[in-house]
Amino acid sequence: MGEGTGPGALARHRDPGLQLASCGCGAWHRLNMALELYMDLLSAPCRAVYIFSKKHDIPFNFQFVDLLKGHPYNKEYIKINPLRKLPSLKDGKFVLTESVAILYYLCRKYSTPSHWYPPDLHIRARVDEFMAWQHVAFQLPMKKMVWLKLLIPKITGEEVSAEKMDHTVAEVKNSLKLFEEYFLQDKMFITGDQISLADLVAVVEMMQPMAANYNAFLNSSKVAEWRMRVELSIGSGLFREAHNRLMQLADWDFSTLDPVVKEKICKNHYYQQAVMAPICNPSTSRGGDGRIT
Amino acid sequence: MGLELYLDLLSQPCRAIYIFAKKNGIPFELRTVDLIKGQHLSDAFSQVNPLKKVPALKDGDFTLSESVAILLYLTHKYKVPDHWYPQDLQARARVDEYLAWQHTTLRRSCLRALWHKVMFPVFLGEPVSPQTLAATLAELDVNVQLLEDKFLQNKAFLAGPHISLADLVAITELMHPVGAGCQVFEGRPKLAAWRNRVEAAVGEDLFREAHEIILKAKDFPPADPTTKQKLMSRVLAMIQ
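Residues numbered from 1 in each chain as written. Chains lettered and ligands numbered in written order. Predicted model: local features only at pLDDT ≥ 70, side-chain atom pairs only at ≥ 80, totals over all residues. Heavy atoms only, no water.

The name given to chain B in an unreviewed UniProt entry is glutathione transferase, and the organism recorded there is Callithrix jacchus. Database annotation for chain B, UniProt heading Subcellular location (unreviewed entry): "Cytoplasm". Listed under Subunit (unreviewed entry) in UniProt, the entry text for chain B is "Homodimer." (UniProt positions renumbered as here; feature names shortened; annotations may be inferred.)

Printed below as a string of structure tokens:
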């Protein structure tokens, strides 16, 4: 059936409503069956998946899992993703977590334009390199900034120490410096002349501290210009729409936060790790007895 | 000059790359970067990787960091058997899923377990509070359990019936706390059976060779004050 069987080949099935495609793995995949995407656009990885899916008209149902209402902890969602994290994808019976894995899956299944994840060995490696590096070196400091500057004060009523704030600002600035000097350099985009998944993931992460009124793009005109290029490539309307909820986070009435949800957030493993871990300053990483804490 | 791999087998991600390259007969020059001597901080090495970390790859003029990226590069360039990174869309997604998840979870716990239990007290002469060590080991426990419950489940290997990049990355991570004397496989027969399968699939000799250094971590001589000074702040940042 159909016009060829290589990647991207489309086929006409007996059922005219059923669109099939081959992604090169030898299997046929149903393209026009909507995916379920479990997301809250407060989360940067969710925004990357949302933007990519909308941009390529990938059919999906937006399953809103409200972080502010503790929905990731609900029984229904735990069945989808026992790790209680967002985003998750459900394609028929197939459930997939981790935004990087989801983005690669969408690229392959929907045969999106190749510049998003280029076939050239060296260029693709640059995307993989950024996607691997960003988990620890980029996403964590950006997330931490929002927690320390906005969420902890709003949730607990207490400001975070100036020392801890300064340290986090330094971490964010350092990761931005590494981004500029190692990944972006003097190119238009991370891989060269065209936008790729790496730029998409980078930009949504960099937008995260905006929720706490910290503009990561002010540090460098090179990065600010890159951001404009990325925004234009995505489409300003879509970019803005995706970031709407994030930009309004500071105005949310935190007094309505359910105490049960508050407790769960504070006990959450990832929160503990990203936010509560002691500062890595040699002079302060010691307890009163002089031992490493 | 052919492919060069800049590695120190003390490092978990370096072990995964070493095993992968050797197992698949990929020709390379091993460039050892001695971490405990601080060689990763040298100007010479920063020409290869300005981020000053191992592993790093140099292939002609092309340089690359990040073990997951390096493993994928080697997979594509050397056309290794399909099971390492399957063509099948969903099987491949499972491998990607594990490789993404592990960065901030199992890798971090395994690293902290080694440093809090052995490297800080023995190598750097820095005592670690019992509360910190207990918290680190508890977190390790949580992540090892997640590895078993969410990723392995009842399968032979993490992404399906055959060994893949995911298993290689996971096993080399787990050998870190093993090297520190943590019994991660005790009371976990399913995981222990998986470990044996991975070791058999890789080859016992190659597995042993790759892990010789980490298994002697407790015997590292203490660092001299200069080295300690050089390494300290980066170590603290690394295990954050």
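Participant: Looking at this structure, I do not really get the interface of chain A and chain B. What am I missing?
Facilitator: Where interface size is quoted, it is often the accessible area lost as the parts come together. In this assembly, 45 residues from chain A lie in contact with 46 residues from chain B. Interface area for chain A against chain B, summed over the two sides, is near 4,100 Å², with a carbon-plus-sulfur share of 66%. Broken down residue by residue, the surface that chain A buries against chain B is led by Leu121, Arg291 and Ile292 of chain A, which jointly contribute 15%. Taken together, the links from chain A to chain B amount to seven residue pairs in polar contact (both at pLDDT 80 or more). Top element by residues in the side of chain A that touches chain B is helix H4 (residues 121-156) of chain A. It accounts for 13 residues. Each residue belonging to the side of chain A that touches chain B can be placed in one class, and the counts come to 24 nonpolar, ten polar and eleven charged. (Contact = heavy atoms within 4.5 Å. Buried area = accessible area lost by both parts, 1.4 Å probe. Polar contact = N/O pair within 3.5 Å; in protein donor to acceptor, adjacent residues only side chain to side chain. Helix = DSSP H or I, 4+ residues; strand = E, 2+ residues; numbered from the N terminus. Nonpolar A, V, L, I, M, F, W, Y, C, P; charged D, E, K, R; others polar.)

Participant: Please clarify how the side chain of Thr132 of chain B should be interpreted in this entry.
Facilitator: Residues and elements named next belong to chain B. Within the secondary structure, Thr132 sits in helix H6 (residues 130-152). Using a relative accessible area of 11% as the deciding quantity, one classes Thr132 as buried. Within the local environment of Thr132, its side chain forms a polar contact with the side chain of Ser129, the two groups lying 2.8 Å apart. (Buried < 20%, exposed > 50% of the residue type's maximum accessible area, 1.4 Å probe, protein only.)

Participant: Got a minute to help me understand the sheet that holds strand E1 (residues 3-7) of chain B in this structure?
Facilitator: Pairing between the strands of a sheet comes from backbone hydrogen bonds, and it takes one of two forms, parallel or antiparallel. Residue and element names in this part refer to chain B. The mixed open sheet is built from four strands, whose spatial order is E2-E1-E3-E4. One side of each edge strand has no neighbouring strand; the edge strands of this open sheet are strand E2 (29-32) and strand E4 (62-65). Adjacent strand axes in the sheet meet at a mean angle of 20°, parallel and antiparallel pairs treated alike. Contacts from helix H1 (residues 12-23) reach E1 and E2 within the one sheet, and its direction differs from that of E1 by about 145°. Against the sheet, helix H3 (residues 67-78) contacts E1, strand E3 (56-59) and E4, and its axis sits at roughly 130° relative to E4. (Pairing = 2+ DSSP bridges. Axes fitted to C-alpha atoms, helices over the stretch in contact; angles between N-to-C directions.)

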